[in-house]
Amino acid sequence: MQERQPDLCGARKYAGSIGQPGSMIPGLGITKDYRVVEFRGIEPQNYDPNRIVFRLDQMGNIQNVDCG
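Residues numbered from 1 in each chain as written. Predicted model: local features only at pLDDT ≥ 70, side-chain atom pairs only at ≥ 80, totals over all residues. Heavy atoms only, no water.

Some words on the packing of aromatic side chains
Here comes step 1: Inspection of every chain in the model, using the stated rule, returns two aromatic pairs.
Here comes step 2: Centre to centre, the rings of Y14 and F54 are 6.2 Å apart; their planes meet at 65°, and the pair counts as edge-to-face. On the criterion of sequence distance, the pair formed by Y14 in the segment before β1 (34-37) and F54 in strand β2 (residues 52-56) is long-range, its members being 40 residues apart. Each member of the pair, Y14 as well as F54, carries the same accessibility label: buried.
Here comes step 3: Between Y34 and F54 the ring centres are 6.1 Å apart and the planes differ by 90°, which places this aromatic pair in the edge-to-face class. Separated by 20 residues along the polypeptide, Y34 in strand β1 and F54 in strand β2 bring together distant segments of the chain.
Here comes step 4: Put simply, the rings of Y14, Y34 and F54 touch in pairs and so form one group of aromatic residues. (Phe/Tyr/Trp six-rings, centres within 6.5 Å; stacked < 30°, edge-to-face > 60°. Helix = DSSP H or I, 4+ residues; strand = E, 2+ residues; numbered from the N terminus. Buried < 20%, exposed > 50% of the residue type's maximum accessible area, 1.4 Å probe, protein only.)

Here is the structure:
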């Protein structure tokens with residue numbers, strides 16, 4: 001297991017998108033690897049500290065943004 005580094009992926013830059021529809025993620029201009037996890041979706045357990053992870057709520061809105 002890898003140690004989780006705080007915001008190594010730069011997720012903080014996208015914190016303003018929390019509460020917005022998940023459909024807007026492709027339009028954010030992200031040039032690095034990212035993952036979108038649907039509400040109650042299965043999330044692979046391969047951790048990548050450089051990948052941005054957007055987690056959606058039951059309405060399809062962005063609930064959380066972090067690295068992983």
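Brief notes about the pairing of β1
Here comes step 1: Burial along β1 is one-sided: R35 and V37 are buried, while Y34 and V36, pointing the other way, are not.
Here comes step 2: Here four bridges tie β1 to β2, and the two strands are oriented parallel to one another. By the bridge assignment, R35 is partnered in β2 with V53. (Pairing = 2+ DSSP bridges.)

A short note on the environment of D33
Here comes step 1: Among the structural elements, D33 can be located in the segment before β1.
Here comes step 2: The contacts of D33, once residues within four sequence positions are left out, are D48, N50, R51 and I52. (Contact = heavy atoms within 4.5 Å.)

Some points on the sheet that holds β1
Here comes step 1: Strand order across the open sheet formed by three strands is β1-β2-β3, with mixed pairing between neighbours. Single-partner strands in this sheet number two, and they are β1 and β3 (62-67). Across the sheet, the mean angle from the axis of one strand to that of its neighbour is 20°, orientation sign disregarded. (Axes fitted to C-alpha atoms, helices over the stretch in contact; angles between N-to-C directions.)

Brief notes about the environment of N46
Here comes step 1: Within the secondary structure, N46 sits in the loop between β1 and β2.
Here comes step 2: A relative accessible area of 45% places N46 in the partly exposed class.
Here comes step 3: The sequence separation of N46 and G68 amounts to 22 residues, and the corresponding C-alpha distance is 7.9 Å.
Here comes step 4: Those residues in contact with N46 that sit more than four places away from it in its chain are R35, R51 and G68.
Here comes step 5: A distance of 3.1 Å separates polar atoms of two side chains, one belonging to N46 and the other to R35. (Polar contact = N/O pair within 3.5 Å; in protein donor to acceptor, adjacent residues only side chain to side chain.)

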